[in-house]
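In case you want the letters, here they are:
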2 protein chains.
Amino acid sequence: MQRDTTAMRLAKISRMKKLLLIALSCATPISSISAQSGGEIARAYREAHEVEILRNFAELLSYPNRARDLDDITRAAEYIRDELLAVGVDSELLQLEDVPPIVYGELNVPGATRTLGIYVHYDGQAVDPSNWTHPPFEPTLYSAPIPEGGRQLPMPEPGEAVDPTWRLYARSAGDDKAPIAAILPVLKAFQEGNVQSTSNLIFFFDGEEEAGSRNLPRYMETFKDRLDPIDIWLFFDGPAHPSGRPQITFGVRGSMGMEVTVYGAARNLHSGHYGNWAPDTGVILSRLLVSMKDEAGRVLVDGWYDTAEPIGEEERAALAAMPAWDEQLKRELGIVRSEGEPESLPERLMVPALNIRGITSGNTGALARNVIPNTAVAALGIRLVKGNDPAHLRQLIVDHIQRQGFHVVS
Amino acid sequence: MQRDTTAMRLAKISRMKKLLLIALSCATPISSISAQSGGEIARAYREAHEVEILRNFAELLSYPNRARDLDDITRAAEYIRDELLAVGVDSELLQLEDVPPIVYGELNVPGATRTLGIYVHYDGQAVDPSNWTHPPFEPTLYSAPIPEGGRQLPMPEPGEAVDPTWRLYARSAGDDKAPIAAILPVLKAFQEGNVQSTSNLIFFFDGEEEAGSRNLPRYMETFKDRLDPIDIWLFFDGPAHPSGRPQITFGVRGSMGMEVTVYGAARNLHSGHYGNWAPDTGVILSRLLVSMKDEAGRVLVDGWYDTAEPIGEEERAALAAMPAWDEQLKRELGIVRSEGEPESLPERLMVPALNIRGITSGNTGALARNVIPNTAVAALGIRLVKGNDPAHLRQLIVDHIQRQGFHVVS
């Protein structure tokens, strides 16, 4: 598996954005009734079963998991359900008609007073096989990352050593089957070692996250009774800290999109016949976008920062204690200057963001024509923090656009 | 045929932009040796042969003429060559290998001291038949424009009257087979009426204008000897004046494209994880574009207007004598404010233009994703006037971009 997926992955945005997200280290049960700690038992199990864990992971990865291929995704769900059953989880498929099922499971603990919900998604992004070195659902082992000169290896036989520099290539090897492959052996270790959690666990594995989790709200309503006991959701789908150190994220920003279309003439106009006279929608839209953000990256929409709840002493201390990683990250990403310098990336995530997700007007490249396009469209991406209300931020932007002299039609 | 194509159409931009373009009224021969004037003879011929002219036009339109379909375009060229031969033009196909031929023709006049070159293109834009009410190469007659409630009519029989409100729908009914359909009956009338022009005429009909006239330079070099005698080119491919009055254009602006790409991070970044920190390429590009043009439409690139040759008294008088059409045009096009007000459209065409032909960054609409795109691309459309040098204007823009703090890589 690839480096950034060997740990549980956290904090990926989805339609579940309102859920509280925290991290759970997979090898640290909250309580243990054995002589060893849960972590020690899990580690010992992993060391004794590395080849088996790797082979099981490869088997999991061999199940095609594109959400729209209903037969495939159902087979993948059934496999995961059976694996959960095998490690003592009371598991079943929740099934709405003609959409990918939810793999659901409960591990109830007598006397537990808290219930943790564990979200993972078992579907993967669409695949274009022509972009793959190996078929995406034929997991292929390499001695190291391919760009670093790794060479293909056979899967190891039981008893052989597993080298941590190895990489397993397949669709969803990281995002997001890795947490499933990590959870199962831990539960197996606890089952064999008689370790018991102090919390009830509810597993809820989404089958169409990469397709926008379109049916997730319906699933959550239909099976509300199953989810009601959950006190805290743990969300296993997000990036590792770029330093490679484990990261616990206690919340993520909300997400909202807006689209702004500037209209010019009733139709595209020929630039030879009308250029210098027809409204130049690209420049008009540009002027509007520039009015929204200054060169330092500060959003200029009136009231933009007013409703963001200020962070407290504890958060400030946590931010200060984080590794200073911006300069390395900027080198990796080829960035000379980040927005909001000298504030660091983690600090910048504490305030609402306004970004341009896309601009479309006329054509560029080989398709560029001698026209003055009669529309220019910008997709705004808005990130909300605690205290922000989506409708309020939206209204602030509409007010701003009107103050720039535009008539807003809808 | 549609209204804007009943007159010769002028001034359409093409790669022949350096040619001098003037208008020729198709029914006005320069000299006549008959008792009637050439115009009178042509008009009388038209009145006596309206149904025949309409039917011949429909036959011309029935030849598929997409430049890339070489068999089709060659058949269309052969048909037009034969029609020219039939009205006394010494016509042939000029043929480079594997590209659409030029329909070439000469009508030499003993004693003539001037030679006019007549450019038309017989190819048409690509067709998506699903966008057509009738098949694009099955010309269909209507009693009036379809949006105004026209109903379909059978083609008239010889002797029936032709109503000028009729409309003939087909690909290239206007752009640009209409001039061919207008020239042929005039030449026929002159042939029958023994009218002789005072100028030699050279016909040069392009077969891939809508595909960018890619082989036109090669044709003009290869057949340089045929074209050398031409004193003035007449260009029959351009818009009528919006008032419907005939318009003679003595020149058109040149055309040049540039593409500007703003680069951000090495890859697209997730807006939840990096928004407020990653360079916002859409805004950065917008700031650059806004720096190039002020709100009144004046180009702010240093030196932009310096090399444009000022127009003289005669041109100023001609501009002043044109019908004031801006307000009507703005109503038709749904424009509240034009660039450069209160200057009129014809005045604005006298100076070099800088327009945004297109902007592409990330995605908008249903494809918009939660990313900060790592590139934003603008296609600039530049229109040149007399005195402008393309390389010089390009350099002015590059200098401007560098002055905004950008590093220009190519």
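Rules of the game
- Residues numbered from 1 in each chain as written.
- Chains lettered and ligands numbered in written order.
- Predicted model: local features only at pLDDT ≥ 70, side-chain atom pairs only at ≥ 80, totals over all residues.
- Heavy atoms only, no water.
- Helix = DSSP H or I, 4+ residues; strand = E, 2+ residues; numbered from the N terminus.
- Buried < 20%, exposed > 50% of the residue type's maximum accessible area, 1.4 Å probe, protein only.
- Contact = heavy atoms within 4.5 Å.
- Areas by Shrake-Rupley, 256 points an atom, 1.4 Å probe, with all protein chains shown as cover.
- Lys, Arg positive; Asp, Glu negative; His and termini not counted.
- Charge placed at Lys NZ, Arg CZ, Asp CG, Glu CD.
- Salt bridge = Lys/Arg side-chain N within 4 Å of Asp/Glu carboxyl O.
- Pairing = 2+ DSSP bridges.
- Least-squares fit on C-alpha atoms with pLDDT ≥ 70 in both.
- Buried area = accessible area lost by both parts, 1.4 Å probe.
- Polar contact = N/O pair within 3.5 Å; in protein donor to acceptor, adjacent residues only side chain to side chain.
- Axes fitted to C-alpha atoms, helices over the stretch in contact; angles between N-to-C directions.
- Phe/Tyr/Trp six-rings, centres within 6.5 Å; stacked < 30°, edge-to-face > 60°.
- Lys NZ or Arg CZ within 6 Å of the ring centre and 35° of its normal.
- Core = buried A, V, L, I, M, F, W, Y, C linked by side-chain atoms within 4.5 Å.
- pLDDT = per-residue confidence, 0-100.
- Parallel < 35°, antiparallel > 145°, perpendicular 65-115°, else oblique.
- Left-handed = near helix turned anticlockwise from the far one by under 90°.
- Nonpolar A, V, L, I, M, F, W, Y, C, P; charged D, E, K, R; others polar.

Visitor: Tell me what's going on with the overall build of chain A, and back it up with residues and numbers.
Guide: Helices and strands together make up the secondary structure of chain A, namely 12 helices and 13 strands. Its C-alpha atoms give chain A principal-axis dimensions of roughly 80 × 50 × 50 Å. Out of the 410 residues belonging to chain A, those deemed buried represent 50%. A separation of at least 24 residues holds for 75% of the contacts in chain A among residues at least 6 apart in sequence. In the structure as shown, chain A presents an accessible area of about 19600 Å², 50% of it carried by carbon and sulfur atoms. Mean positive and mean negative side-chain charge positions of chain A (40 and 55 charges, respectively) differ by 6 Å.

Visitor: Explain the environment of Arg55 of chain A to me, using residue names and the numbers behind them.
Guide: Among the structural elements, Arg55 of chain A can be located in helix 2 (residues 50-61). Here the alpha-carbon distance between Arg55 of chain A and Asp98 of chain A, two residues 43 residues apart in the chain, equals 31 Å.

Visitor: Please provide a residue-by-residue account of the pattern of salt bridges, values included.
Guide: Going through the model one piece at a time under the given rule, you end up with 32 salt bridges over all chains. In this structure, Arg46 of chain B engages Glu50 of chain B in a salt bridge whose closest nitrogen and oxygen atoms are separated by 3.0 Å. Here Glu50 of chain B falls in the partly exposed class, since its relative accessible area comes to 24%. Two residues, Lys293 of chain B and Glu339 of chain B, come together in a salt bridge whose shortest N-O distance is 2.7 Å. Of the two residues, Lys293 of chain B is situated in the loop between helix 8 (281-290) and helix 9 (313-321) and Glu339 of chain B in the loop between helix 10 (326-333) and helix 11 (345-348); the sequence distance between them amounts to 46 residues. In this pair, the class of Lys293 of chain B matches that of Glu339 of chain B, namely buried. Within this structure, Asp280 of chain A together with Lys293 and Glu339 of chain B form a network of salt bridges that share partners.

Visitor: Provide a residue-level description of the sheet that holds strand 6 (residues 167-169) of chain B, including the pertinent values.
Guide: Sheets are built from strands that pair by backbone hydrogen bonding, the pairs being arranged parallel or antiparallel. All names here are of chain B. Spatially, the three strands line up as an open sheet ordered 5-4-6, and their pairing is antiparallel. The sheet is open, and its two edges are formed by strand 5 (152-153) and strand 6, each paired on a single side. Sheet topology note: the strand 4 (residues 140-142)/strand 5 ladder contains two bridges and is antiparallel. Opposite Tyr142, over in strand 5, you have Gln152 as the bridge partner.

Visitor: Please provide a residue-by-residue account of the relation of the copies chain B and chain A, values included.
Guide: The operation relating chain B to chain A is a screw motion whose rotation component is 179°, with 0.1 Å of axial translation and a residual RMSD of 0.3 Å. Such a turn and shift between the copies fits a two-fold axis. Identified as the residue of chain B closest to the rotation axis by C-alpha distance is Ser286 of chain B, at 2.1 Å. A shared binding surface is used by both copies, with 100% of the interface residues of chain B retained as interface residues in chain A.

Visitor: So what about the environment of Ser37 of chain A? Which residues, and what values?
Guide: Residue and element names in this part refer to chain A. For Ser37, the location among the structural elements is in the segment before helix 1 (38-48). Residue classification places Ser37 among the partly exposed residues on the basis of a relative accessible area of 34%. In sequence terms Ser37 and Thr364 are 327 residues apart; their C-alpha atoms lie 61 Å from each other.

Visitor: Kindly report on the interface of chain B and chain A, identifying the contributing residues and their values.
Guide: Contacts between the two partners involve 72 residues from chain B, matched on the other side by 72 residues from chain A. The contact between chain B and chain A buries some 5900 Å² in all, and 55% of this surface belongs to carbon and sulfur atoms. On the chain B side of the interface with chain A, the three residues burying the most area are Asn276, Trp277 and Arg357 of chain B, jointly 17% of the side's total. Connecting chain B to chain A are two salt bridges. In this structure, Asp280 of chain B and Lys293 of chain A form a salt bridge, with 2.6 Å as the shortest nitrogen-oxygen distance. Summed over the shared surface of chain B and chain A, the number is 42 residue pairs in polar contact (both at pLDDT 80 or more). Examining the composition of the side of chain B that touches chain A, we find that 10 residues originate from one element, strand 11 (residues 353-362) of chain B, more than from any other.

Visitor: Mind laying out the sheet that holds strand 13 (residues 375-384) of chain B, listing which residues take part and the relevant values?
Guide: The strand order 9(A)-13(A)-11(A)-11(B)-13(B)-9(B) describes an open sheet built from six strands, whose pairing is antiparallel. Among the strands making up the open sheet, the edge pair consists of strand 9 (254-263) of chain A together with strand 9 (254-263) of chain B. Strand-to-strand twist of the sheet, defined as the mean angle between neighbouring strand axes without regard to direction, takes the value 25°. In this structure, strand 11 (residues 353-362) of chain A lies alongside strand 11 of chain B, joined through five bridges in antiparallel fashion. For Gly358 of chain A, the partnering residue across the bridge sits in strand 11 of chain B and is Gly362 of chain B. Against the sheet, helix 12 (residues 390-403) of chain B contacts strand 9, strand 11 and strand 13 of chain B, and its axis sits at roughly 25° relative to strand 9 of chain B.

Visitor: Would you mind going over the packing of aromatic side chains in detail, with residue names and values included?
Guide: Across all of its chains, the model carries 14 aromatic pairs over all chains by this definition. Geometrically, the ring pair formed by Tyr63 of chain A and Tyr79 of chain A is stacked, given 4.5 Å between the ring centres and 25° between the ring planes. A residue pair is termed long-range when its members are at least 10 positions apart, and Tyr63 of chain A in the loop between helix 2 and helix 3 (70-86) and Tyr79 of chain A in helix 3 qualify at 16 residues. Tyr79 of chain A sits in the buried class, given a relative accessible area of 11%. Relative to Phe235 of chain B, the ring of Tyr119 of chain B lies with its centre 4.5 Å away and its plane at 5°, an arrangement referred to as stacked. With Tyr119 of chain B in strand 3 (residues 115-121) and Phe235 of chain B in strand 8 (residues 232-235), this residue pair connects regions lying 116 residues apart in the sequence. It is Arg226 of chain A that lies over the ring of Tyr104 of chain A; its NZ or CZ is 5.2 Å from the centre.

Visitor: Describe the environment of Glu83 of chain A, listing the residues and the values that go with them.
Guide: Residue and element names in this part refer to chain A. Inspection of the secondary structure puts Glu83 in helix 3. Overall, Glu83 belongs to the partly exposed group, its relative accessible area being 24%. Sequence separation between Glu83 and Leu184 is 101 residues; the distance between their C-alpha atoms is 7.4 Å.

Visitor: Which residues make up the nonpolar core, and what are the values?
Guide: Leu380 and Ile397 of chain A together with Leu380 and Ile397 of chain B are the most contacted members of the largest nonpolar core, which totals 52 residues. If we ignore the near neighbours within four places in the chain, the residues touching Leu380 of chain A are Met256, Gly257, Met258, Val260, Leu289, Met292, Leu354, Asn355, Ile356, Arg357 and Ile397 of chain A.

Visitor: Describe helix 8 of chain B, naming the residues involved and giving the relevant values.
Guide: The element helix 8 of chain B is largely enclosed, with a buried count of eight among its 10 residues. Every buried residue belonging to helix 8 of chain B is among Thr281, Gly282, Val283, Leu285, Ser286, Leu288, Leu289 and Val290 of chain B, and all of these are buried. Tucked inside the fold, the buried residues of helix 8 of chain B contact helix 8 (281-290) and strand 11 of chain A together with strand 9, strand 11, strand 13 and helix 12 of chain B.

Visitor: Lay out the confidence of the model for chain A with the relevant residues and their values.
Guide: Low-pLDDT portions of the prediction should not be read for the details of their coordinates. Mean pLDDT over chain A works out to 89, with 91% of the residues at or above the 70 mark. Note that residues 1-34 of chain A has pLDDT below 50 and, in this model, 114 contacts with residues that lie over four places away or in other chains.

Visitor: Would you mind going over the side chain of Thr140 of chain B in detail, with residue names and values included?
Guide: Residues and elements named next belong to chain B. Along the chain, Thr140 turns up in strand 4. You can call Thr140 buried: its relative accessible area is 7%. Filtering out sequence-adjacent residues up to four positions away, Thr140 remains in contact with His134, Gln152, Arg167, Leu168 and Tyr169.

Visitor: Pulling in residues and values, what's your account of the packing of helix 8 of chain A against helix 8 of chain B?
Guide: Running from amino to carboxyl end, helix 8 of chain A crosses helix 8 of chain B at an angle of 120°, the nearest separation of the two axes being 8 Å. Taken together, the axis directions place helix 8 of chain A and helix 8 of chain B in an arrangement best described as oblique. The element helix 8 of chain A and its partner helix 8 of chain B pack so that their crossing is left-handed. Where helix 8 of chain A abuts helix 8 of chain B, its residues Val283, Ser286, Arg287, Leu289 and Val290 of chain A lie against Val283, Ser286, Arg287, Leu289 and Val290 of chain B. Each residue belonging to the contact of helix 8 of chain A with helix 8 of chain B can be placed in one class, and the counts come to six nonpolar, two polar and two charged.

Visitor: Account for the packing of helix 2 of chain A against helix 4 (residues 178-193) of chain A, naming residues and giving values.
Guide: Residues and elements named next belong to chain A. Two elements in contact, helix 2 and helix 4, have axes whose closest approach is 10 Å; the angle formed by their N-to-C orientations is 140°. Regarding the angle of helix 2 to helix 4, the classification is oblique. The handedness of the crossing between helix 2 and helix 4 is right-handed. Residues Ile53, Phe57 and Leu60 of helix 2 form the contact with helix 4, whose own contacting residues are Ala178, Ile180, Ala181 and Pro185.

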